[in-house]
Amino acid sequence: MPDDQIRTGRCNCGAVTFRTRGELREIVACHCSQCRRQTGLYYAATNVGDENIEIEGAENITWYHASDFARRGFCATCGSALFWKHQSDPFISVLAGAFDEPSGLTMTKHIFCADKGDFYEIGDGLPQYAKGSAGLLVAE
């Protein structure tokens, strides 16, 4: 994927829009209980360097401090889950469903599968990890 790739996205009502520049990490699906409670299923997200995202309508984002080291951003108007941010990481996770299509993104793995809901199965053949996976900064 070219380093100059531009992608856009938004919340459901359009109060928050964003534009990313450059390469994004592959999509990772997180099945932890916090992600399930926030989204209703699982949290599928990529990430981008802080310097490579522009957010318009940032005043419409409510940040929920889900732990001592991470926060979750959602639209205060429509409630769309949009971001996950570790306080010591120079990257921000962006929910895959918020991107305009075609996104060109691909899901590559599932994490925190030991905590997944009992009402669904993961059947796509991608790697599944009981907790996080190597090289991925996550909440523990």
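Here we summarise the structure given alongside this text.

About the criteria used
Residues numbered from 1 in each chain as written. Predicted model: local features only at pLDDT ≥ 70, side-chain atom pairs only at ≥ 80, totals over all residues. Heavy atoms only, no water. Core = buried A, V, L, I, M, F, W, Y, C linked by side-chain atoms within 4.5 Å. Buried < 20%, exposed > 50% of the residue type's maximum accessible area, 1.4 Å probe, protein only. Helix = DSSP H or I, 4+ residues; strand = E, 2+ residues; numbered from the N terminus. Contact = heavy atoms within 4.5 Å. Phe/Tyr/Trp six-rings, centres within 6.5 Å; stacked < 30°, edge-to-face > 60°. Pairing = 2+ DSSP bridges. Axes fitted to C-alpha atoms, helices over the stretch in contact; angles between N-to-C directions.

A few words on the nonpolar core. Of all hydrophobic cores here, the largest spans 17 residues; its most connected members are Val16, Phe18, Ile53, Leu82, Phe83 and Val94. Elements with a minimum of two residues in this core: strand S4 (43-49), strand S8 (81-86) and strand S9 (91-95). If we skip the residues at most four places from it in the chain, Phe18 touches Arg7, Thr8, Gly9, Arg10, Ile53, Glu54, Ile55, Phe83, Val94, Ala98 and Phe99. Residues Cys32, Tyr43, Ala81 and Trp84 belong to the second largest nonpolar core, which totals twelve residues.

This next bit is on the environment of Phe83. Within the secondary structure, Phe83 is located in strand S8. Separated by 38 residues in sequence, Phe83 and Ala45 have C-alpha atoms that sit 8.4 Å apart.

The relation between two aromatic rings is expressed through the spacing of the ring centres and the mutual angle of the planes. Using the criterion set out here, one finds five aromatic pairs in the structure. Ring centres of Tyr42 and Tyr120 lie 6.4 Å apart, and the angle between their planes is 35°; on these two criteria the pair is classed as tilted. On the criterion of sequence distance, the pair formed by Tyr42 in the loop between helix H1 (33-39) and S4 and Tyr120 in the segment after strand S10 (107-111) is long-range, its members being 78 residues apart. Residue classification places Tyr42 among the partly exposed residues on the basis of a relative accessible area of 27%. Residue classification places Tyr120 among the buried positions, given a relative accessible area of 11%. Residues Trp63 and Phe83 carry aromatic rings whose centres are separated by 6.1 Å and whose planes lie at 20° to one another, so their mutual orientation is stacked.

Moving on, we get to the pairing of strand S7 (residues 70-75). Pairing analysis gives four bridges linking strand S6 (residues 61-64) to S7, with the strands arranged antiparallel. Of the residues in S7, the one forming a bridge with Trp63 is Gly73. Counting the residues in the hairpin turn of S6 and S7 gives five residues. Here S7 runs beside S8; their pairing, made up of five bridges, is antiparallel. Counterpart to Phe74 in the pairing with S8 is Ala81.

The next thing to look at is the sheet that holds strand S2 (residues 17-21). Taken in spatial order, the three strands make up an open sheet running S1-S2-S5, and their pairing is antiparallel. Single-partner strands in this sheet number two, and they are strand S1 (6-10) and strand S5 (53-56). Each strand of the sheet is rotated relative to its neighbour by a mean of 15°, with strand direction disregarded. One ladder, built from four bridges, connects S2 with S5; its direction is antiparallel. Within S5, the position partnered with Phe18 by the bridge is Ile55.

These figures capture arrangement, not role.
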